[in-house]
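Notes for the structure review
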Amino acid sequence: MAIICSNISLSRVLTTLVLMTILAAEKRVCIRIPDQITETTRLGIHPTTSPPLKSAVFALGSFWRSEAVFGCLNGVLQITVGYAGGSKTNPEYRSLGDHAESVQVVYDERLISFRQLLEVFWSSHDYRQVFGQGPDVGNQYRSIVFTNGTEESRLASVSKGREQTKSKSSIVTTQIQPLGTFYPAEPEHQKFELKRRPFLLQLMGNLPEEELERSHLAAKLNSYAAELCPPNIQKKIDVKINEIIKKGWPILSQ
């Protein structure tokens, strides 16, 4: 441990050890130790034995909340918010063109499937609402399942048909379309819910923006901050944070 942690402070090491318990509900622990591990190792995947990670892109309203919907799922390793579904090159938040606010979900298909991600997608927004979600109204908030290949298209179509059967009095407005280019959104939109809880960012050691976007732990804590983790995980994190506060574990102040 002395060799691994030679370039980081004692408080950073202790905080990291405490935070490891937050991910105890999953089979992998993915805590950042700067400049010591590769990206695939940080995500909990051994590069020589694991299949390539897969990604899925969904649009289900404001990406601030949509990102938090997927972060606590077992097998989801990384989430990025961005723009997809339109023709404008290099869209920005204030100049989207015809794109939709979207989330890119990187996952380990050994732990969670595209079919399961679809189930979460359908249950997490009102797919009957036209061009909007709740108070957010506009083309950028439309519902879309982006697909990679014929099998994902088939699964998306079957699941849409099933949801339409459940909703006989309303039309399912969700579009299904091949994924073109996914444009990551500006840094200030990544992990939006987590950034509203500075204390949690301090517990993580105030990661740089680029690492925060890639972080598995940040994805989970972003869901926790939005109160969208399953109740058992939400409670587990609550207990651990209260223990940190009670015992006075070293917390970074900057």
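What comes next concerns the included structure. It should be emphasised that the depicted structure is a prediction, and the values quoted were computed from it without experimental measurement.

1. Considerations on the pattern of salt bridges
Any two side chains of opposite charge can pair, on the condition that their charged atoms come close. If you walk through the whole model with that rule in mind, you get nine salt bridges. Between R196 and E193 there is a salt bridge, with its nearest N and O atoms 3.4 Å apart. The closest approach of N and O atoms between E209 and K195, which form a salt bridge, is 3.0 Å. Residue E209 is located in helix α8 (residues 209–214), and its partner K195 is located in helix α6 (residues 192–195); the two are separated by 14 residues in the primary sequence. The class for E209 is partly exposed, based on a relative accessible area of 37%. Relative accessible area serves as the criterion here: at 23%, K195 is assigned to the partly exposed category.

2. A few points about the packing of aromatic side chains
Using the criterion set out here, one finds nine aromatic pairs in the structure. Arranged with centres 5.0 Å apart and planes meeting at 70°, the rings of F121 and W122 form a pair that is edge-to-face. Both residues of the pair, F121 and W122, belong to the buried class. Aromatic pair W122 and Y127: ring centres 5.2 Å apart, planes at 90°, arrangement edge-to-face. One exposure class covers both W122 and Y127, and it is buried. Ring-pair connections join several aromatic residues into one group, and the members of that group are F58, F70, F114, F121, W122 and Y127.

Parameters at a glance
Residues numbered from 1 in each chain as written. Predicted model: local features only at pLDDT ≥ 70, side-chain atom pairs only at ≥ 80, totals over all residues. Heavy atoms only, no water. Salt bridge = Lys/Arg side-chain N within 4 Å of Asp/Glu carboxyl O. Helix = DSSP H or I, 4+ residues; strand = E, 2+ residues; numbered from the N terminus. Buried < 20%, exposed > 50% of the residue type's maximum accessible area, 1.4 Å probe, protein only. Phe/Tyr/Trp six-rings, centres within 6.5 Å; stacked < 30°, edge-to-face > 60°.

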